[in-house]
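Structural overview for review
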Amino acid sequence: MQKFITKSPEETESLAEQIAKTLEGTEMIAMFGDLGAGKTAFTRGLARGLGVDDGVSSPTFALVHEYSGKYPVYHFDMYRVTSWDDLYTTGFFDYMDNGVMVIEWSENIVDFLPENRINITIKHLSENEREITVEGAKEI
Amino acid sequence: MKILAIDTSASPVSAALLSDGKLLGEFYLNIKTTHSQTLMPIVSALLSSSGTDIKDIDVFAVNAGPGSFTGVRIGVASVKGMAMPLDKPCAQVSTLEAMAYSMPYSDGIVCSVMDARCNQVYNALFRLNGGKTERLTEDRALSIDELADELSQYSETVYLTGDGAELCSNKFTDCLPNVILTPVNIRFQHAYGTAVAAEKMAAENRLCTSAQLMPVYLRLPQAERELKARLAKNNNKKGEEK
Ligand SMILES: Nc1ncnc2c1ncn2[C@@H]1O[C@H](COP(=O)(O)OP(=O)(O)OP(=O)(O)O)[C@@H](O)[C@H]1O
Ligand SMILES: [Mg+2]
């Protein structure tokens, strides 16, 4: 487990960019943290680290955004996922093992996630400070 | 009667052509490429290399579930698309039943299992007896432990087959000595089994129209309970709108 403190969204993005360099292509990255914690910001950095050129935005309404970089990147937002059927019908399980899955609001579906995953927990310390805990990733 | 059957219910994709019970050809791929890119090329190759005009197909069959959400939809939509303009009947085949029909001649219980994740499986049981396949249960989703309990009442040989078979076999070996894991060449779903199941459905007047053909999804009862409990816990947080 590694802990980091970031002092701006840019720092969060560049931390994620470094973590991206350690990925092998089929990881599941489960993100935890409240509204405005910085999960989308983290994903933006991660996608950039994987060579994704498209802009990364929140998939709150679409549920999943797909990007293609060095590996396919599947960016989920589970904020509105309120039943097993919802989860299944995002095609969630079909994405497994086919690319890097990055999941916002993992709190809502944590029981259905495989044990073998990376956990990113983002805690609000102050307006511009975040504590980011990384579990299950290679050391950076 | 000519049957064109396809399977896209899990990671492999296959298409088979059956003519009066005889397998004329079957294509099978198990690669990473998405079914939306592989299915139509293999169907068209199967038809052209066997010298079959699609107009001569009498029944279009598909594994309509259980299976992966996207896979099942690709299969069902493709069969609808082929059958509708020709106004031909369809067979909405259970993936688990198709697996049972892929078993070579043997006597005993076939336990078809697909991995539904979260320690749950999609399953149905069949009895093979003197070349006949008899369904013992509905298609359902249940936990691996519940399945083990149920299997303990059978004294016959139980053939564990499907993409969830290995997962179960690892858990069953100690408690269920009469369970056998099928060899890989028949373990995973093949469109051949779908075609054989469809032939039986045709004989029993259980075909449907292309418009009636639908994906079949099984719900995971246990998973749903767990999610509800968790959502209740999170309710305070979820009050905020974003
Ligand atoms: N150190 C920091 N790291 C990340 N974001 C920060 C930081 N400091 C301030 N911010 C701000 O916090 C906000 C984070 O927004 P972001 O959309 O990434 O959050 P989120 O966790 O995805 O929220 P939601 O739950 O709504 O999806 C942005 O406005 C960003 O500018
Ligand atoms: Mg977000």
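Residues numbered from 1 in each chain as written. Chains lettered and ligands numbered in written order. Predicted model: local features only at pLDDT ≥ 70, side-chain atom pairs only at ≥ 80, totals over all residues. Heavy atoms only, no water.

Examining the pattern of salt bridges
Residues and elements named next belong to chain B. Tallied over the entire structure, the rule returns 14 salt bridges over all chains. The salt bridge involving Glu-166 is made with Arg-187; its shortest N-O contact spans 3.7 Å. Of this pair, Glu-166 sits in helix α5 (residues 165–172) while Arg-187 is found in helix α6 (residues 184–187), placing the two residues 21 residues apart along the sequence. By relative accessible area, which is 45% here, Glu-166 ends up partly exposed. Residues Glu-204 and Arg-206 are paired through a salt bridge, measuring 2.9 Å at the closest nitrogen-oxygen approach. Looking at Glu-204, the relative accessible area reads 39%, which means it is partly exposed. (Salt bridge = Lys/Arg side-chain N within 4 Å of Asp/Glu carboxyl O. Helix = DSSP H or I, 4+ residues; strand = E, 2+ residues; numbered from the N terminus. Buried < 20%, exposed > 50% of the residue type's maximum accessible area, 1.4 Å probe, protein only.)

Comments concerning the packing of aromatic side chains
Tallied over the full model, the rule gives eight aromatic pairs over all chains. A ring pair is formed by Tyr-79 of chain A and Trp-105 of chain A, whose centres lie 4.9 Å apart and whose planes are at 70°; its orientation type is edge-to-face. Pair noted here: Tyr-79 of chain A is in the loop between β4 (72–77) and α3 (84–89) and Trp-105 of chain A is in the loop between β5 (100–104) and β6 (118–126), with a separation of 26 residues, a long-range link. Across the pair, Trp-105 of chain A and Tyr-79 of chain A agree in class, each one buried. Considering the side-chain rings of Tyr-88 of chain A and Phe-69 of chain B, the 5.6 Å spacing of their centres and the 75° angle between planes classify their relative orientation as edge-to-face. Residue Tyr-88 of chain A is located in helix α3, and its partner Phe-69 of chain B is located in helix α2 (residues 69–86); the two belong to separate chains. A relative accessible area of 10% means that Tyr-88 of chain A is categorised as buried. Connected via pairs of aromatic rings, a cluster forms that spans Tyr-74, Phe-76, Phe-92, Phe-93 and Tyr-95 of chain A. (Phe/Tyr/Trp six-rings, centres within 6.5 Å; stacked < 30°, edge-to-face > 60°.)

Some details on the pairing of strand β2 (residues 28–32) of chain A
Residues and elements named next belong to chain A. Among the five residues of β2, five are classified as buried, and the element is accordingly described as predominantly covered. A two-sided burial pattern is seen for β2, the buried positions comprising Met-28, Ala-30 and Phe-32 on one face and Ile-29 and Met-31 on the other. In this structure, β2 lies alongside β5, joined through three bridges in parallel fashion. Its bridge partner being in β5, Met-28 is matched across the sheet by Met-101. The pairing of β2 with β6 spans four bridges and is classified as parallel. Looking at β6, one finds that Ile-29 is bridged to Ile-118. (Pairing = 2+ DSSP bridges.)

Focus on the domain arrangement of chain B
By convention, interface size is frequently given as the accessible area that disappears when the constituent parts associate. Residues and elements named next belong to chain B. We note that the domain assignment places domain 1 (2–94 + 189–225) and domain 2 (103–187) within chain B. When each unit is reduced to the centre of its C-alpha atoms, the spacing between domain 1 and domain 2 is 23 Å. Each partner contributes to the interface: domain 1 provides 15 residues, whereas domain 2 provides 14 residues. Contact between domain 1 and domain 2 buries roughly 1,100 Å² in total, counting both sides, with carbon and sulfur atoms accounting for 56%. On the surface where domain 1 and domain 2 come into contact, there are zero salt bridges. Our count for the contact surface shared by domain 1 and domain 2 stands at one residue pair in polar contact (both at pLDDT 80 or more). For the side of domain 1 that touches domain 2, the element with the most residues is helix α8 (residues 221–233), which contributes three residues. Class assignment for the residues of the side of domain 1 that touches domain 2 results in six nonpolar, seven polar and two charged. (Domains from an automatic or database assignment. Contact = heavy atoms within 4.5 Å. Buried area = accessible area lost by both parts, 1.4 Å probe. Polar contact = N/O pair within 3.5 Å; in protein donor to acceptor, adjacent residues only side chain to side chain. Nonpolar A, V, L, I, M, F, W, Y, C, P; charged D, E, K, R; others polar.)

A few points about the packing of helix α4 (residues 144–151) of chain B against α5 of chain B
Residues and elements named next belong to chain B. Interaxial distance between α4 and α5 falls to 11 Å at its minimum, and their mutual angle equals 65°. When the interaxial angle is binned, α4 and α5 end up roughly perpendicular. Regarding α4 and α5, the two cross each other, and that crossing is right-handed. Residues Ile-144, Leu-147, Ala-148 and Leu-151 of α4 form the contact with α5, whose own contacting residues are Leu-167, Cys-168, Lys-171 and Phe-172. Grouping the amino acids of the contact of α4 with α5 by side-chain chemistry returns seven nonpolar, no polar and one charged. (Axes fitted to C-alpha atoms, helices over the stretch in contact; angles between N-to-C directions. Parallel < 35°, antiparallel > 145°, perpendicular 65-115°, else oblique. Left-handed = near helix turned anticlockwise from the far one by under 90°.)

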